[in-house]
Structure formats: structure tokens, C-alpha cells
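Structural characterization, general
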Amino acid sequence: MRLPSRLGEFLAGCRDESPLLLGVAPFGMIYGIAALAAGVPAWIAQLASAVVFAGAAQLVIVQMLAAGAGFVPIALTSGLLNLRHMLYSASMAEYVRHLPRRWRLLLAYVLTDEAYAVAVLRYQRRDAPSADAPDYRHWYFLGAGFTLWVGWQLSTAVGLVFGATIPPEWELDFAVPLTFIALLTLLLRERAGQAAAVVAGAGALLFAALPYKLGLVAAILLGLVAGAWTVHRLERAR
């Protein structure tokens with residue numbers, strides 16, 4: 001028996017997101033271990049994964065807490081790090097603007113790097129529904145985001161519970177750059193992603209000498225501007 005369209009799209013999103021969990025799971029474990037090392041209570045660390053749901057920002061926050069950084073530097077750094085979601089939102093806006101507010105809020109919550117990389121490719125596929133057919137692709141988006149959310153909660157819990165028993169020679173830190181490299185290969189299919197990557201890469205090299213790694217912050221901002229400008233140009237050209 002054929003699955004209903006809504007359920008079919010949701011399960012397809014879960015299926016397509018699942019391979020990315022291979023990189024997300026060590027990432028979540030690293031966060032859980034780092035949170036405990038920074039003195040964050042386990043329940044707060046787990047709650048942050050459920051509410052904040054921002055892997056890179058969470059990891060940076062606990063690392064800065066361990067280094068004794070103050071509230072303002074932590075807030076600014078995590079805020080700048082998450083500015084890339086503005087580019088994701090601009091890219092997805094045209095696909096979800098017809099949805100009710102409750103759907104847009106829910107999808108905004110699960111709009112992470114990995115969920116965006118999978119969902120935007122589904123929206124760009126040529127088998128998009130016709131004008132007179134129901135569009136259930138937001139269920140695919142939800143399935144991708146839900147899968148990542150569950151994976152992030154479980155991997156955080158594993159890091160919190162078993163972090164002290166994981167041998168140091170496993171060197172799980174490799175998962176962080178590996179995850180973002182995998183996402184980069186997906187996002188480079190879009191012109192906006194290509195523009196953002198080129199400009200951010202050039203900016204990172206140009207401003208590498210700045211203190212306190214401010215060159216990376218400048219590169220992020222330049223990449224966001226380049227990506228948003230490309231999206232704007234493409235929309236005007238339609």
C-alpha cells in the first residue's frame with residue numbers, strides 16, 4: 001500500500017538526512033564532553049541541545065566558558081557564528097512563505113546546516129509538484145530536521161554519560177571539520193553558496209593576521225553579504 005504523501009515526504013526527509021548523522025554523532029559527543037569539562041551541569045547541557053539546537057554555537061560557548069570568557073564575548077561570538085542562518089533563511093523563504101505561521105516557526109527551529117543542505121536540494125529538484133497538486137515538501141523539510149534533532153539529543157546524551165570513558169586516542173574532534181566539509185560539498189551546488197564560499201575563503205586568508213581570530217568573523221560576515229547579494233540578484237533576474 002502506498003504511503004500518504006505527507007508521511008512519504010516526512011520519511012524521505014528522515015532517510016536522506018540519516019547519512020549525515022555519521023558526522024553529527026561524534027560532534028554531539030564532543031559537545032557533551034566539553035560541557036562537562038567546562039563545569040556545565042549535565043541537565044543544562046542536555047537542555048541546551050534541546051532548546052538552542054545549534055551545534056557549532058554550543059561547542060564554542062562551552063569552550064569559551066572553559067577559557068573563562070565573559071558573557072558579552074560569548075554572546076557576540078555565538079551570535080556572529082549563527083549569522084549564517086540568515087543566508088539559509090533567505091534561500092528557503094520563497095519555498096515556505098505560503099505556509100501558516102506555525103509551520104514557518106517550526107521549520108525555522110529545525111533550520112540547521114545539515115537540515116538546510118538536504119531540504120534545499122529537495123525543493124530544487126525537477127519533480128516539484130505542479131500548480132494544481134498539493135505541495136508536501138515541507139514535510140520532507142520537517143523529516144530532515146526532526147532526524148537531526150533526535151540524533152543531536154542522543155549524541156549529546158552519550159557524550160554526557162560516557163564521555164569520561166571514551167579513550168583520548170579516539171580523537172573525536174575530527175568530526176567537526178569533517179561535518180562542515182561534507183555540508184560544503186552539498187551547498188556549493190547553489191550559486192549563493194558558491195559566492196559565499198569564495199568570498200569567505202578569500203576573506204579568511206586576507207584577514208588571517210587579525211588578533212583573537214577576528215579574521216574568521218570578518219570572513220563570515222563577508223560570506224554572508226556575498227551570499228545574500230547573490231540571492232537578491234537571482235531573484236531580480238527572474
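Residues numbered from 1 in each chain as written. Predicted model: local features only at pLDDT ≥ 70, side-chain atom pairs only at ≥ 80, totals over all residues. Heavy atoms only, no water.

Some points on the overall build of the protein
Scanning the protein for helices and strands turns up twelve helices and zero strands. Listed by position from the N terminus, the elements making up the protein come as α-α-α-α-α-α-α-α-α-α-α-α. Residue burial in the protein is summarised as follows: out of 238 residues, 41% are buried. (Helix = DSSP H or I, 4+ residues; strand = E, 2+ residues; numbered from the N terminus. Buried < 20%, exposed > 50% of the residue type's maximum accessible area, 1.4 Å probe, protein only.)

Comments concerning a nonpolar patch on the surface
A grouping of Trp43, Ile44, Leu47, Val51 and Val52 is seen on the molecular surface, where their side chains present a nonpolar patch of about 510 Å² in accessible area. With respect to the helices and strands, Ile44 occurs in helix α3 (residues 42–51). Residue classification places Ile44 among the partly exposed residues on the basis of a relative accessible area of 35%. (Patch = residues over 30% accessible without salt bridge, like charges linked within 9 Å, V, L, I, M, F, W, Y side chains within 5 Å. Areas by Shrake-Rupley, 256 points an atom, 1.4 Å probe, with all protein chains shown as cover. Salt bridge = Lys/Arg side-chain N within 4 Å of Asp/Glu carboxyl O.)

Regarding the pattern of salt bridges
According to the stated counting rule, one finds three salt bridges in the structure shown. When the shortest N-O distance is used, the salt bridge between Asp16 and Arg15 registers 3.0 Å. With relative accessibility at 53%, the residue Arg15 sits in the exposed group. Between Asp135 and Arg137 there is a salt bridge whose closest N-O contact spans 3.0 Å. Residue Arg137 is classed as buried on the basis of its relative accessible area of 10%.

With respect to the confidence of the model for the protein
The predicted model of the protein has a mean per-residue pLDDT of 80, with 81% of residues at 70 or higher. When pLDDT is averaged over each element of the protein, helix α7 (residues 101–109) comes out on top at 94 and helix α10 (residues 175–187) at the bottom at 54. (pLDDT = per-residue confidence, 0-100.)

Points about the environment of Leu224
Residue placement: Leu224 occurs in helix α12 (residues 214–237). The spacing of Leu224 and Leu83 is 141 residues in sequence and 7.6 Å in space, taken between C-alpha atoms. Here Leu224 is in contact with Leu83, Arg84 and Leu87, once residues within four sequence places are set aside. (Contact = heavy atoms within 4.5 Å.)

Here's the deal with the packing of aromatic side chains
One pass over the full model with this rule turns up seven aromatic pairs. Aromatic side chains Phe27 and Trp152 sit 5.6 Å apart centroid to centroid with 90 degrees between the ring planes, which places their arrangement in the edge-to-face category. Of this pair, Phe27 sits in helix α2 (residues 21–37) while Trp152 sits in helix α9 (residues 137–162); the two residues are 125 residues apart in sequence, bridging distant segments of the chain. Looking at Phe27, the relative accessible area reads 3%, which means it is buried. Ring geometry for Tyr88 versus Tyr116: centroids 4.6 Å apart, planes at 15 degrees, classification stacked. Note that Tyr88 is positioned in helix α6 (residues 84–96) and Tyr116 in helix α8 (residues 113–124), a separation of 28 residues in sequence. There is no split in this pair, since Tyr88 and Tyr116 are both buried. (Phe/Tyr/Trp six-rings, centres within 6.5 Å; stacked < 30°, edge-to-face > 60°.)

A word on the nonpolar core
Core analysis: the biggest nonpolar cluster contains 17 residues, and Met92, Leu107 and Phe141 have the highest contact counts within it. Of all elements in the fold, only α1 (5–17), α6, α7, α8 and α9 reach the threshold of two or more residues within this core. In this structure, Leu107 is in contact with Val96, Leu99, His138, Phe141 and Leu142, ignoring residues within four places of it in sequence. Among the nonpolar cores identified, the runner-up in size contains 16 residues, and Phe27, Tyr31, Ala35 and Leu59 belong to it. (Core = buried A, V, L, I, M, F, W, Y, C linked by side-chain atoms within 4.5 Å.)

A word on the packing of α1 against α8
Following both chains from N to C, one finds α1 and α8 inclined at 125 degrees, their axes separated by 10 Å at the closest point. Between α1 and α8, the angle falls in the class oblique. Two packed elements cross with a definite hand, and for α1 against α8 that hand is right-handed. Between α1 and α8, the contacting residues are Glu9, Asp16 and Glu17 on the first element and Glu114, Ala115, Val118 and Arg122 on the second. Residues that form the contact of α1 with α8 fall into these classes: two nonpolar, no polar and five charged. (Axes fitted to C-alpha atoms, helices over the stretch in contact; angles between N-to-C directions. Parallel < 35°, antiparallel > 145°, perpendicular 65-115°, else oblique. Left-handed = near helix turned anticlockwise from the far one by under 90°. Nonpolar A, V, L, I, M, F, W, Y, C, P; charged D, E, K, R; others polar.)

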